[in-house]
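# Observations on the model geometry
Below, each chain spelled out in residue letters.
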Amino acid sequence: MEYVLSLLPLAIKMVIVVGILLLLPLPLTWLERKIAAHIQQRPGPMRVGWHGLLQPLADAIKLLTKEDHIPTEADRMLFAVAPVVALVPPFLVFVAIPFGDPVQLFGTTVTLSLADLNVGLLFILAVSGIGVFGTILAGWASNSKYAVLGSLRSIAQMISYEIPMGFSVIGVVMLANSMQLTQIVAAQQGLWNIVLQPIGFFVFFVAGLAEAQRIPFDLPEAEGDLGAGYHTEYSGIRFSLFMLAEYLVLVALAFLNVLLFFGGWLGGPAFLPPFLWLFFKVGLFIWVFMWLRFTFPRYRYDQLMTIGWKVLLPLSLLNILVSGFLML
Amino acid sequence: MEREFFLLLSGVATISALLVVLARNPVHSALALVVCLVQIAALYVLLGAPFLAVIQIFVYVGAVMVLFLFVIMMLDVRKEAQTRYLRNAVWPGLIVLALLAAELVTLLIQSARLHAVLGPGQPITEQPSVEALSLLLFQDFLLPFEVASVILLVALVGAVVLARPDEAAAAGKVDKPHSGGRR
């Protein structure tokens, strides 16, 4: 009984985090459409609710009630499993993300994270690496040439950009002397890592965009010119699971950018609780990601590979070298 | 609690390992292997080695298995995988299986004596830190580490050499895709 009781805070935290993450894509789709609209000088969704605020709900109902179509020649089991597999890694990432220093609540100390692993950063990189399995399964199980081609394309992209992404954070780890995310944030007391690691940040940001498959690297869903990607055959609720996963990756990425390079919850104004300050910075990053989407054109596939292997990878290696020399 | 978790994890690992061999479809085999590797990573966590667990997921699940699946998809080996690699391999297979089983059973029976010989393991008093591990790797065992990396490099170069199209054959064909020119 005592053992079960000791798990209670963890269970509550898990319910809160999962609940927020499941609901978060709703406002994010609205935000994305509004930002798109205002950048393109049009009002965007206006009909459902005040300034279209209820539009995501309408969209969700539409997606849920749509016909769930499975191609005849598809591998039915894997076709059904793939969207769920795609959804697992982004949730796993949030296991290791801390939202602030421990706080006092009802007389007990509560850590604002599900698990503050001492290999936290490595864990996050590892589980975001498994994100590619959803793509693989979806493309292969659909048994359609567009889906397979699209999935091969995105697998190659994700594998290529995982490497510079992993290398770019080594500088941060060197500065903090730890892979624990709370320690990395604590090491930025006074001076944020963006000042000390501008190259690392640049590489991480760009590689992150590619990992999240956002413009300018959104070849997986180039619906106009490449017949969409691995989710060509998906419809209804299964498709919306992929979309959910995509938005969660975006949010996770914003969190990582803030925690690794922008001081996490440090340095906020005194009247704001640290975790709200963290959320504010994360929101800023999400906004930048959306802003970029409607500013940049999409890269060609060969340009994508060139940027990954010939620009970002050497840059990240150079960053490690320079940080090493400067630290010695 | 730990025991139940161990049974659960090792049970799933065994079943998925069986599926790797029994599945008819290569993609299903590869996925079963992914499940198996994840279970093993979870076992590492249970043993108090989170670093090893994360590396297991990073390298085996995230890199090796993705490349496996990538190749399976590229080559579309559905038909190929149905044919046997070795004919009449049943008897050698059974013999090896029997040997392995005998080894396992002997170890199980002798485990008390082994325990006496090896002595009790040192219980982990604190979370093993990444720093301690890197000190071990880069100071105490630097030479084996370097040798291992050189061997990996040689394997890499060897794979590139093997994968290169034959120079002489390539010279005959004028219009070979991807053989040159600006990309």
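Attention in this report is confined to the structure presented alongside it.

### Quick look at the interface of chain B and chain A
On the chain A side, the residues contacting the 27 residues of chain B number 26 residues. Buried area between chain B and chain A, both sides added, is near 2300 Å², and the carbon and sulfur share of it is 80%. Summed over the shared surface of chain B and chain A, the result is one residue pair in polar contact (both at pLDDT 80 or more). Elements with a minimum of two residues in the side of chain B that touches chain A: α2 (26-46) and α3 (50-75) of chain B. Broken down by element, the residue count for the side of chain B that touches chain A peaks at 15 residues, all from α3(B). Per-class residue counts for the side of chain B that touches chain A are 20 nonpolar, five polar and two charged.

### What to know about empty space enclosed by the protein
Residue and element names in this part refer to chain A. The full count for this structure, using the stated rule, is two cavities of 30 Å³ or more. Approximately 340 Å³ is the volume attributed to the largest cavity. Sorting the residues of the lining of the largest cavity by element identifies α5 (76-96), α6 (120-129), α7 (132-142), α8 (145-168) and α13 (236-261) as the ones contributing at least two each. Broken down by element, the lining of the largest cavity gets its largest block of residues, seven residues, from α13. Of the residues contributing to the lining of the largest cavity, the split by class is 15 nonpolar, five polar and two charged. Taken as a whole, the second largest cavity holds about 40 Å³ of empty space.

### Remarks on the environment of B:Val34
Residue position: B:Val34 is located in helix α2. The spatial distance from the C-alpha of B:Val34 to the C-alpha of B:Met65 is 6.8 Å, given a sequence separation of 31 residues.

### Things to note about the pattern of salt bridges
Residue and element names in this part refer to chain A. Taken as a whole, this structure holds four salt bridges over all chains when the rule is applied. The partner of Arg-33 in a salt bridge is Asp-59, and the shortest N-O contact between them spans 3.0 Å. Taken together, the residues span a long stretch of sequence, with Arg-33 in helix α3 (residues 25-39) and Asp-59 in helix α4 (residues 55-65) at a distance of 26 residues. For Asp-59, a relative accessible area of 23% gives the class partly exposed.

### A few points about unusual backbone geometry
All names here are of chain A. For Asn-143, which is not glycine, the phi dihedral falls at a positive 55°. For Asn-143, the position within the fold is in the loop between α7 and α8. Of note in this structure, Asn-177 is not a glycine but carries a positive phi near 60°. Relative to the helices and strands, Asn-177 resides in the loop between α9 (170-176) and α10 (181-186). Judged by relative accessible area, which is 66%, Asn-177 ranks as exposed.

### With respect to the packing of helix α4 (residues 90-109) of chain B against helix α5 (residues 111-118) of chain B
Residues and elements named next belong to chain B. Their axes nearest at 4 Å, the elements α4 and α5 cross at an angle of 65°. When the axes of α4 and α5 are compared, the pair comes out roughly perpendicular. Contacts between α4 and α5 involve Leu-107, Leu-108 and Ile-109 on the former and, on the latter, Ser-111, Ala-112 and Leu-114. For the contact of α4 with α5, the residue count by class is five nonpolar, one polar and no charged.

### Thoughts on the environment of B:Ala30
Residue and element names in this part refer to chain B. Turning to its location among the elements, Ala-30 is positioned in helix α2. In this structure, the C-alpha to C-alpha distance between Ala-30 and Phe-68, residues 38 residues apart in sequence, is 7.4 Å. In contact with Ala-30, other than residues within four places in its own chain, are Met-65, Leu-69 and Ile-72.

### What about the packing of α3(A) against α4(A)?
All names here are of chain A. Two elements in contact, α3 and α4, have axes separated by 8 Å at closest approach and are oriented at 115°. Relative to α4, α3 is oriented roughly perpendicular. As for how α3 packs across α4, the hand of that crossing is right-handed. Mapping the contact onto sequence places Leu-26, Thr-29, Trp-30 and Arg-33 in α3 and Gln-55, Pro-56, Leu-57, Asp-59 and Ala-60 in α4. Across the contact of α3 with α4, the residue classes break down as five nonpolar, two polar and two charged.

### Structural notes on the nonpolar core
A general tendency of soluble globular proteins is for nonpolar side chains to be buried together. All names here are of chain A. Of all hydrophobic cores here, the largest spans 107 residues; its most connected members are Phe-94, Phe-133 and Leu-260. Here this core gets 16 residues from one element, more than from any other, and that element is α13. In this view, Leu-260 contacts Leu-121, Val-169, Val-172, Leu-181, Ile-184, Gln-188, Asn-193 and Phe-204; residues no more than four positions away in its chain are not counted.

### Here we look at the packing of aromatic side chains
Any two aromatic rings considered together are summarised by their centre-to-centre distance and by the angle between their planes. Residue and element names in this part refer to chain A. Applying the stated criterion across every chain, the model contains 22 aromatic pairs over all chains. Judged by centre distance (6.0 Å) and plane angle (90°), the ring pair of Phe-255 and Phe-279 falls under edge-to-face. Remark: Phe-279 occurs in helix α14 (residues 274-293) and Phe-255 occurs in helix α13; sequence separation between them is 24 residues. A connected cluster of aromatic rings, assembled from ring pairs, spans Trp-192, Phe-201, Phe-204, Phe-205, Phe-261, Phe-262, Phe-285 and Phe-289.

Calculation notes
Residues numbered from 1 in each chain as written. Chains lettered and ligands numbered in written order. Predicted model: local features only at pLDDT ≥ 70, side-chain atom pairs only at ≥ 80, totals over all residues. Heavy atoms only, no water. Contact = heavy atoms within 4.5 Å. Buried area = accessible area lost by both parts, 1.4 Å probe. Polar contact = N/O pair within 3.5 Å; in protein donor to acceptor, adjacent residues only side chain to side chain. Helix = DSSP H or I, 4+ residues; strand = E, 2+ residues; numbered from the N terminus. Nonpolar A, V, L, I, M, F, W, Y, C, P; charged D, E, K, R; others polar. 1 Å grid on protein atoms, 1.4 Å probe; cavity = no way out; pocket = protein on both sides within 12 Å on 5 of 7 lines; lining within 4 Å. Points joined across faces, edges and corners; volume = space filled by probe spheres on them. Salt bridge = Lys/Arg side-chain N within 4 Å of Asp/Glu carboxyl O. Buried < 20%, exposed > 50% of the residue type's maximum accessible area, 1.4 Å probe, protein only. Axes fitted to C-alpha atoms, helices over the stretch in contact; angles between N-to-C directions. Parallel < 35°, antiparallel > 145°, perpendicular 65-115°, else oblique. Left-handed = near helix turned anticlockwise from the far one by under 90°. Core = buried A, V, L, I, M, F, W, Y, C linked by side-chain atoms within 4.5 Å. Phe/Tyr/Trp six-rings, centres within 6.5 Å; stacked < 30°, edge-to-face > 60°.

Any functional reading would require information that these geometric values do not contain.
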